[in-house]
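# An overview of the molecular structure
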Amino acid sequence: MKNKIAVVLALVGAASLSGCSTPPEGDIRVLCPIIGGAFGSVAGGGGMVAGVIGGALVCSNPDLDGDGVANSVDECPDTPAGAIVDERGCEIVEEVVVEEVVVVEEEIVEEVVVVAAAAAVLIPESCEQYVMVEDDKVVGFEHILFGFNKDEYDADEQAKVDCIAKTVIANDLKIDVAGHTDNIGSDEYNYELSKRRAHNVGIALLAAGVTRDAAVEEGKGIAAPIASNATEEGRAHNRRVEVRVYN
């Protein structure tokens, strides 16, 4: 009979010891020595002491989650089965590095080279024949001619006056108006006649829109002929008003 009881207790003790790694954590340190002691008592007085010590040794530091790290040092005691853990008993989670792709939109700025072109000379329509241009600049105008002993220009000279006025205004020119005569008559008379001729042309330019500060009038008399006064043709060219550009 004692042998049967001993076998039964041995089986219970073995089952208890084999299950020491999985019982509830709160009861493990108390339950295992008791079961070990009971198992040892069946074997005899000395066996009881050995059983208590053995049960305590087996169950004193269990590994409840089976990760290979004892509960006493396991900082993560509930890791999933089969998880790979570190020395603290915590699951090693492989960090997935997601490369951030930054798309830099390339801004293409077209370099525009601006070449400063010389300002074009503005000549009103149908006035080219009366305007003298050199190196993209207006340098003078066709002369306004007068009859013998007259200070008013003829009607057929009006087109010249109009074109001169338009060109001066369009190109913001500074001009002077100089009157001339042939050599018939006294110097004093011709000088006053040349001044009146210049004045009358100046008045006509002002009436056409040229500002007063853009036009200066002066009389030259017989002092600056451009042709011979020995012929009528030459004298006709000398009876003139010149509109000169000085800017």
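For the structure, see preceding data.
Numbering of residues starts from 1 in each chain and follows the order in which that chain's sequence is written. Local features in this predicted model are restricted to residues whose pLDDT is 70 or higher, and side-chain atom pairs enter the listing and the counts only when it is 80 or higher, whereas totals over whole chains, interfaces and linings include all residues. Only hydrogens and water are set aside when side-chain values are computed; all heavy atoms of the structure are taken into account.

### Points about the nonpolar core
Here the nonpolar core consists of buried residues drawn from Ala, Val, Leu, Ile, Met, Phe, Trp, Tyr and Cys, with membership extended through side-chain atoms lying within 4.5 Å. Relative accessibility under 20% of the residue-type maximum defines a buried residue, over 50% an exposed one, and the middle range a partly exposed one, all with a 1.4 Å probe and only protein chains included. Ranked by internal contacts, the top residues of the largest apolar core, which has 24 residues, are F141, I144, V201, L205 and V243. Only DSSP runs of H or I with at least four residues qualify as helices, and only runs of E with at least two residues qualify as strands; both kinds are numbered from the N terminus onward. Secondary structure elements with two or more residues in this core: strand 2 (137-141), helix 4 (158-171), strand 4 (175-180), helix 5 (187-207) and strand 6 (240-245). Among residues more than four places away in sequence, those in contact with F141 are Y130, V131, M132, I164, T167, V168, L173, V243 and V245. Whether two residues are in contact is decided by their heavy atoms: any pair within 4.5 Å suffices.

### As for the pattern of salt bridges
Definition used for salt bridges: Asp or Glu carboxyl oxygen within 4 Å of a side-chain nitrogen of Lys or Arg. Counting across every chain of the model gives 9 salt bridges. The salt bridge partner of D182 is R239, with a shortest N-O separation of 2.9 Å. On the criterion of sequence distance, the pair formed by D182 in the loop between strand 4 and helix 5 and R239 in the loop between helix 6 (232-238) and strand 6 is long-range, its members being 57 residues apart. Here the two residues D182 and R239 agree in accessibility, since each one is buried. With a closest N to O distance of 2.8 Å, R240 and E242 form a salt bridge. By sharing partners, the salt bridges in this structure join D176, E218, K220 and R244 into a single network.

### Observations concerning the packing of aromatic side chains
Two aromatic rings from Phe, Tyr or Trp, using only the six-membered ring of Trp, form a pair when their centres are within 6.5 Å; if the ring planes differ by under 30 degrees the pair is stacked, by over 60 it is edge-to-face, and anything between is tilted. In total, this model carries 1 aromatic pair according to the counting rule given. For the ring pair F146 and Y153, a centre distance of 6.3 Å and an interplane angle of 80° mean the geometry is edge-to-face. This pair shows no difference in class: F146 is buried, exactly as Y153 is.

### Brief notes about the state of the cysteines
For the purposes of this analysis, a disulfide is any pair of cysteine sulfur atoms at a distance within 2.5 Å. Applying the stated criterion to the full structure yields 2 disulfides. A sulfur-sulfur separation of 1.9 Å characterises the disulfide bridge that pairs C76 with C90. One quick way to see it: the torsion about the S-S bond of C76 and C90 is about 75°, and its sign makes the bridge right-handed. With C76 in the loop between helix 3 (45-59) and strand 1 (131-134) and C90 in the loop between helix 3 and strand 1, this pair connects stretches of sequence that are 14 residues apart.

### Looking at helix 5
The length a helix should cover is 1.5 Å for every residue beyond the first. Over its 21 residues, helix 5 extends 30 Å from the first C-alpha to the last, a length consistent with the 30 Å expected when each residue adds 1.5 Å. The complete set of buried residues in helix 5 reads N190, L193, S194, R197, A198, N200, V201, G202, A204 and L205. Positive phi shows up at G209, right after helix 5, with a value of about 115°.

### Side note on the side chain of E157
As for its position among the elements, E157 is in the loop between strand 3 (144-145) and helix 4. A relative accessible area of 9% places E157 in the buried class. In contact with E157, other than residues within four places in its own chain, are H143, I144 and L145.

### A look at the pairing of strand 1
Here, strands pair whenever DSSP counts at least two bridges between them. Direction of pairing for strand 1 relative to strand 2: antiparallel, over a ladder of 4 bridges. Residue pairing for strand 2: V133 is matched across the bridge by V138. If you look at the hairpin formed by strand 1 and strand 2, you'll find 2 residues sitting between the two strands, and D135 has a positive phi there, around 50°.

### Some thoughts on the pairing of strand 6
The two faces of the sheet receive side chains in turn, since in a regular strand these alternate between them. Burial of strand 6 is extensive: 5 of the 6 residues sit out of reach of the surface. Examined bridge by bridge, strand 3 and strand 6 share 2 bridges and lie antiparallel to one another. Opposite L145, over in strand 6, you have R240 as the bridge partner. Bridge count for strand 4 against strand 6 is 5 bridges, and the pairing is antiparallel. Note that in strand 6 the partner of D176 across the bridge is R244.

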